[in-house]
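Secondary and tertiary structure notes
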Amino acid sequence: MSGRVVAAVDGGPATRAVLDVAAELCDIFDAELDALRVDERAAPGPTSPLDGTPLRDVRGAATAVIDEQAVRSDVVAVVLGARTLPGATATLGHVPDHVIANAPGMVVLVPPDLAPECSTLDRLLIPVEGDATLSSDAAAVIEAFEASGRTAIGLHVLNPRTAPAHADRWHDAELWSRRFWRRCAPAMTDHHIGTGGVADAILDMVASHEVDAVLLEWHQRLDHDHAAVVRDLLRRAPCPLLMLPDRREAEPMRPWLAPRGDGP
Amino acid sequence: MAATTSITASRRVLAFADRPALAEVIEALLCISSGGFATRACSEAAVEPDRCDDVVRVGGVRHAEPPGPWVRARSWLPTVAGAAGGGWRLDVGRGVVEHDLEVGGRPLTSLRFASAAMPGTSVWTMPGAAASDTDTDVGHDEIVLDGDSRTAVVAIRRHERNGASTQIAAAGVGPDRRTASARASHAADRALAAGSAALQHAHESAWAGIWDGARIDVEGSAADEQAIGFALFHLLSLDEGSDELAVGARGLTGDAYDGHVFWDADVFVLPVLAATRPAAAAAMLAYRSGRLDEARSRAAAEGRRGARFPWESAASGCDVTPRWARSLDGARVAVTTGDLEIHIASDIAWAVLHHARWTGDPSLPDTGGVALIVETARYLADRIVLDGDARGHLYDITGPDEYHEGVDDNAFTNVMARWHLRAAADFVDDGEAARFRRLAGSLVDGFDHRTRRHEQFAGFADLDPLLIAAAAQPPVAADVILGRDLVRRSQVIKQADVVMLHHLVGDALPQGSLEADLEFYLPRTAHGSSLSPAIHASVLARAGRPDEALELLRLALHMDLADQTGTTADGLHLATMGGAWQAIVFGFLGLAVEDGPQLRVDPVLPDDWHRLRVRLQVLGRRVEVGAGHDEVTLTATSALTWTWPGAPEPVSAEALRLVGGHHRWRQG
């Protein structure tokens with residue numbers, strides 16, 4: 001075992017799905033499951049199983065308890081439900097909203113209405129927009145999925161903001177994308193190209209390619225002008241989202257290679 | 001010729017930061033080549049074991065067709081243990097690439113060049129890298145590139161002297177490995193005997209000579225001058241010193257398009273070489289002439305006379321255009337360019353006649369040029385269908401605007417065919433000449449006398465009148481972003497199509513159509529093709545809109561420097577570079593060879609440029625044109641006949657000064 005996957009549940013509708021997804025992640029990352037039942041009123045007590053999964057009852061505010069766990073170096077991922085109730089109108093419950101914005105590592109959000117048979121993580125989608133690159137953390141996640149016999153699927157989304165300005169042949173986009181993936185994730189062989197809205201392209205792929213989860217790198221800001229794609233997916237995605245903080249400085253979409261030299 | 005002195009050394013040096021994500025882009029940008037032996041800029045600090053596996057290409061050495069791509073081989077450059085890569089510099093003036101490294105805590109700089117003095121030989125050296133100061137040969141090696149019909153061998157010699165580590169690599173080509181190896185070894189040993197210092201001196205002297213006849217200086221914008229120098233460096237490096245020169249769409253700098261030769265070579269690259277390295281331009285035409293029989297066979301297979309050249313060509317001259325490709329959704333979709341872009345026939349004829357006219361070379365009949373013009377004209381003549389009103393049509397074709405495939409009477413194709421048939425009529429017997437002229441006169445061209453503009457093809461006016469700005473900000477790959485079906489149904493076009501006519505055969509078009517065509521087509525142009533911006537820059541300059549022209553010229557000049565296509569790692573866009581040179585020479589300077597022969601000049605400069613100075617070769621002379629906004633100086637190595645708009649009569653002189661401005665020059 002190389003670490004812990006922390007599953008935080010509260011006994012609500014997402015509990016079973018959260019535990020199942022967490023168990024899958026343990027298999028992928030060769031990690032130990034640490035399932036916490038967080039209740040502000042409950043006294044810390046002995047382990048109590050839920051359908052065979054041992055649960056550790058922890059007293060305290062959920063955000064504080066999870067924050068305290070998330071910063072620990074042996075935590076591979078924190079898994080929790082995305083909303084308190086199926087069909088809730090808010091994008092996120094206040095706990096996941098706090099956790100994804102503050103956790104230093106991967107947070108996996110599980111839709112509360114995820115059917116039990118959908119909690120396997122056999123096929124992971126990695127969407128990337130334009131010229132963006134994947135971080136080493138993301139590359140490690142992909143590597144772990146593939147090493148465990150699962151499938152990583154790349155989705156390269158092109159739109160007017162991110163696509164190459166020129167394509168001399170209509171099939172050049174494929175060449176561009178192939179080159180992109182070679183640079184970005186050389187071991188991944190299953191690549192697709194999407195166009196138009198990023199969230200729509202991702203959800204199309206989820207539906208058409210039996211995707212079990214989506215890996216999203218983001219800068220942990222959900223306020224109005226940021227992370228529109230993340231906000232959209234949090235609202236609409238039918239599968240778990242693996243949210244990975246991206247601590248790299250944002251690079252221009254088109255890396256400027258122009259020469260330096262004296263002015264006129 | 002007196003040297004121009006306005007540029008500083010740094011204007012000739014392009015510096016690039018070392019960024020791992022862009023390593024493959026830099027490999028292409030800093031590719032060095034001479035004598036058809038090309039080496040991409042593989043780093044000595046390469047950490048990925050396979051990174052340097054596809055670094056070397058040798059002109060003419062290809063795999064079997066189709067598709068007949070270049071054979072590529074591992075790098076001959078050393079990997080320096082413990083080295084960390086730093087910045088790169090390309091000094092286009094000296095023709096050298098420098099790379100900063102840190103080796104064991106010591107800053108060292110390597111230098112590499114593809115010798116312009118000994119074509120086919122390249123040198124890498126790093127002062128301070130040798131184990132000792134002794135003069136020692138430390139080994140040799142050989143890299144073999146086994147092609148379908150030719151083999152290349154790269155012989156490598158390693159040497160240490162005065163603390164510097166040096167590697168010399170020389171390419172030899174032959175019908176078999178033994179012959180190629182012997183040639184390569186001979187060249188490598190000769191270079192080794194000369195020593196790296198002497199090789200570098202001779203190389204830099206050779207580049208100084210090349211630049212003396214080809215340099216372009218821009219007062220007012222160091223950045224523009226640098227980008228132009230970058231483009232010219234790669235174009236001038238194309239000369240392989242061989243009888244035939246097949247310039248693939250990305251040259252030897254990468255593998256995109258499998259190294260295939262398109263109209264890019266004939267129409268975009270050849271004019272640059274005709275004015276800077278005329279022998280190389282002639283070798284490009286020899287490449288076409290050498291495949292005329294194959295083109296005749298293809299025409300015959302269609303039951304037609306003449307010769308049909310393929311849209312994509314490799315070693316044999318057979319059609320190697322791919323027949324299908326994957327669409328964005330993964331579906332297998334037919335590629336129709338090979339069947340439908342018959343304008344390649346007139347493109348080749350244009351190249352032959354442009355070369356003959358520009359160079360003043362009287363050897364056209366001896367070099368196979370006439371056969372190229374006539375045989376391609378015969379094929380087009382057979383493709384023309386006369387309707388009941390004796391009007392000639394070309395059906396089911398595709399012009400440069402590949403967003404609209406399989407159209408009828410594409411104006412570019414038809415007008416070029418008309419021009420082509422009339423030119424070919426000068427080289428055939430009277431009966432055939434009359435047929436050519438009759439068919440030329442019959443061809444519909446979509447020109448509307450009322451609007452003074454050409455309809456791009458029959459039915460174009462009925463398409464959705466979508467302007468590109470309503471859908472996306474150009475340049476944009478509109479077919480990728482909006483979808484092929486949408487652009488096909490709209491008036492959004494990929495690149496200069498009608499406008500391209502004004503660039504190539506503007507004198508054959510009705511007066512007033514340039515402005516009207518530009519006015520109509522420019523707002524519809526996505527510039528989805530990397531070929532588009534430079535041609536529009538040229539035509540906009542001719543239309544007296546130099547500031548707009550400069551914007552598009554800059555786009556072309558940074559096509560690779562900014563990796564605007566996302567495919568620079570797969571090779572440099574040489575046709576874009578050629579188009580940029582043409583925009584400067586034909587567009588901003590307004591140079592053209594007219595009957596006489598005489599050289600017409602009519603410069604127009606953008607506000608950002610104070611003065612543009614261009615050196616080139618034309619009509620057998622070296623010429624320098626120095627143009628400001630209100631003054632032009634013209635010098636030639638021997639008397640040349642000059643003319644300009646409004647000139648009372650042509651003037652024969654070695655040097656001339658004009659004053660005034662665009663369209664209103666007078667002798668001063």
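Structure's up top.
Now for a description of the structure that goes with this document. No experiment lies behind these values; they were computed from the predicted model shown.

1. As for the interface of chain B and chain A
Opposite the 61 residues of chain B that make contact, chain A presents 34 residues. At the boundary of chain B with chain A, total buried surface from both sides reaches about 4,100 Å², with 55% on carbon and sulfur atoms. Per-residue buried area on chain B facing chain A is highest for Tyr-257, Leu-328 and Ile-481 of chain B; these three make up 14% of the total on that side. The tally of links from chain B across to chain A stands at one salt bridge. Put simply, Glu-312 of chain B and Arg-169 of chain A hold a salt bridge, and the shortest N to O gap is 3.5 Å. Linking chain B with chain A are ten residue pairs in polar contact (both at pLDDT 80 or more). Elements that contribute at least two residues to the side of chain B that touches chain A include exactly strand E1 (13-16), helix H1 (23-29), helix H4 (222-236), strand E14 (324-326), strand E15 (332-334) and helix H14 (478-482) of chain B.

2. Topic: the pattern of salt bridges
A side chain of one charge can pair with a side chain of the opposite charge if their charged atoms are brought near each other. On inspection of all chains with the given rule, the structure shows 64 salt bridges over all chains. Note that Asp-27 of chain A is salt-bridged to Arg-150 of chain A, the shortest N-O span being 3.0 Å. Of this pair, Asp-27 of chain A sits in helix H1 (residues 15-29) while Arg-150 of chain A sits in the loop between helix H4 (136-147) and strand E8 (151-158), and the two are 123 residues apart along the sequence. On the basis of relative accessibility, which here comes to 11%, the residue Arg-150 of chain A falls in the buried class. One salt bridge connects Asp-135 of chain B with Arg-161 of chain B, and the closest N-O pair in it is separated by 3.1 Å. Linking Asp-135 of chain B in the loop between strand E9 (121-127) and strand E10 (136-146) with Arg-161 of chain B in strand E11 (residues 151-161), this pair joins segments that are 26 residues apart in sequence. Overall, the relative accessible area of 34% leaves Arg-161 of chain B in the partly exposed class. Here the residues in one salt-bridge network are Asp-293, Arg-296, Glu-375, Arg-378 and Glu-432 of chain B, joined through shared partners.

3. Here's the deal with the packing of helix H16 (residues 498-505) of chain B against helix H17 (residues 513-521) of chain B
Residue and element names in this part refer to chain B. Two numbers describe how H16 lies on H17: the axes approach to 9 Å, and their chain directions differ by 145°. Between H16 and H17 lies a crossing whose hand is left-handed. Contacts from Val-498, Val-499 and His-502 of H16 reach H17 at Ser-513, Leu-514, Asp-517, Leu-518 and Tyr-521. Considering only residue class, the contact of H16 with H17 consists of five nonpolar, two polar and one charged.

4. Considering empty space enclosed by the protein
All chains considered together, the criterion is met by seven cavities of 30 Å³ or more. Around the largest cavity sit 32 residues that line it, and Asp-168 and Arg-169 of chain A together with Tyr-257, Glu-402 and Lys-494 of chain B are the ones nearest its centre. Where the lining of the largest cavity is concerned, the elements lending two or more residues are helix H5 (263-276), helix H15 (484-488) and helix H20 (574-588) of chain B. For the lining of the largest cavity, a count of residues per class yields 13 nonpolar, seven polar and twelve charged. For the second largest cavity, the calculated volume is near 180 Å³. Going through the elements one at a time, strand E2 (32-34) and H4 of chain B are the ones with two or more residues in the lining of the second largest cavity. Here the lining of the second largest cavity is built from residues that sort into eleven nonpolar, seven polar and two charged.

5. A closer look at the packing of aromatic side chains
In this description, an aromatic ring pair is defined by two values, namely the gap between the centres and the angle between the planes. Residue and element names in this part refer to chain B. One pass over the full model with this rule turns up 14 aromatic pairs over all chains. Both rings, one in Trp-263 and one in Phe-412, keep their centres 6.0 Å apart while their planes meet at 75°; by these two values the pair is edge-to-face. Taken as a pair, Trp-263 in helix H5 and Phe-412 in helix H11 (residues 411-424) lie far apart in primary sequence, 149 residues in all. Both residues of the pair, Trp-263 and Phe-412, count as buried. Each ring, one from Phe-588 and one from Trp-609, has its centre 5.2 Å from the other, and the planes form 50°; the classification is tilted. Here the residue Phe-588 occupies a position in helix H20, and Trp-609 occupies one in the loop between strand E21 (598-600) and strand E22 (611-618), the gap between them amounting to 21 residues. With respect to burial, Phe-588 and Trp-609 carry one shared label: buried. Ring pairing ties together the aromatic residues Tyr-257, Phe-262, Trp-263, Phe-268, Trp-311 and Phe-412, which thus form one cluster. A cation over an aromatic ring shows up here: Arg-332 above the ring of Trp-324, its NZ or CZ 3.7 Å from the ring centre.

6. Points about the state of the cysteines
Residues and elements named next belong to chain B. Summed over the entire model, instances satisfying the criterion amount to zero disulfides over all chains. Free cysteine: Cys-31, not disulfide-bonded; nearest cysteine sulfur from Cys-42 at 11 Å. For Cys-31, a relative accessible area of 3% translates into the label buried.

7. Description of unusual backbone geometry
Residue and element names in this part refer to chain B. The linkage connecting Pro-474 with the following residue, Pro-475, adopts the cis geometry, with an omega of 0°. As for its position among the elements, Pro-475 is in the loop between helix H13 (468-471) and H14. For the bond running from Gly-596 to Pro-597, omega is -5°, close enough to zero to count as cis. Positioned with a positive phi, His-527 is a non-glycine residue whose angle comes to about 55°.

8. Side note on helix H3 (residues 196-212) of chain B
For H3 of chain B, with 17 residues, the first-to-last C-alpha span of 24 Å sits near the 24 Å given by 1.5 Å per residue. The inward-facing, buried residues of H3 of chain B abut strand E7 (96-103), strand E8 (106-114), E9, strand E12 (164-174), helix H2 (177-194) and H4 of chain B.

9. Some points on the nonpolar core
The biggest cluster of nonpolar side chains holds 172 residues, and the ones touching the most others in it are Trp-263, Trp-358, Leu-553, Ile-584, Leu-612, Leu-616 and Trp-642 of chain B. Once residues within four sequence positions are removed from consideration, Leu-553 of chain B is found in contact with Ala-537, Ala-580, Ala-583, Ile-584, Phe-588 and Trp-609 of chain B. Listed in part, the 42 residues of the second largest apolar core include Phe-29, Leu-55, Met-106 and Trp-181 of chain A.

10. Focus: the environment of His-234 of chain B
Residue and element names in this part refer to chain B. For His-234, the location among the structural elements is in helix H4. Between the C-alpha atom of His-234 and that of Val-247, which follows or precedes it by 13 residues, the distance is 12 Å. Other than its neighbours up to four places away in sequence, His-234 contacts Ala-28, Leu-29, Cys-31, Leu-572, Leu-574 and Met-577.

11. Observations regarding the packing of H5 of chain B against helix H6 (residues 278-289) of chain B
Residues and elements named next belong to chain B. Taken N-terminus to C-terminus, the directions of H5 and H6 make an angle of 145°; their axes are 6 Å apart at the nearest point. Of the residues in H6, those in contact with Ala-265, Asp-266, Val-269, Leu-270, Leu-273, Ala-274 and Thr-276 of H5 are Pro-278, Ala-280, Ala-281, Met-284, Leu-285 and Arg-288. Class assignment for the residues of the contact of H5 with H6 results in ten nonpolar, one polar and two charged.

Calculation rules
- Residues numbered from 1 in each chain as written.
- Chains lettered and ligands numbered in written order.
- Predicted model: local features only at pLDDT ≥ 70, side-chain atom pairs only at ≥ 80, totals over all residues.
- Heavy atoms only, no water.
- Contact = heavy atoms within 4.5 Å.
- Buried area = accessible area lost by both parts, 1.4 Å probe.
- Salt bridge = Lys/Arg side-chain N within 4 Å of Asp/Glu carboxyl O.
- Polar contact = N/O pair within 3.5 Å; in protein donor to acceptor, adjacent residues only side chain to side chain.
- Helix = DSSP H or I, 4+ residues; strand = E, 2+ residues; numbered from the N terminus.
- Buried < 20%, exposed > 50% of the residue type's maximum accessible area, 1.4 Å probe, protein only.
- Axes fitted to C-alpha atoms, helices over the stretch in contact; angles between N-to-C directions.
- Left-handed = near helix turned anticlockwise from the far one by under 90°.
- Nonpolar A, V, L, I, M, F, W, Y, C, P; charged D, E, K, R; others polar.
- 1 Å grid on protein atoms, 1.4 Å probe; cavity = no way out; pocket = protein on both sides within 12 Å on 5 of 7 lines; lining within 4 Å.
- Points joined across faces, edges and corners; volume = space filled by probe spheres on them.
- Phe/Tyr/Trp six-rings, centres within 6.5 Å; stacked < 30°, edge-to-face > 60°.
- Lys NZ or Arg CZ within 6 Å of the ring centre and 35° of its normal.
- Disulfide = S-S within 2.5 Å.
- Expected span 1.5 Å × (residues − 1).
- Core = buried A, V, L, I, M, F, W, Y, C linked by side-chain atoms within 4.5 Å.

This is a description of form; function is not addressed.
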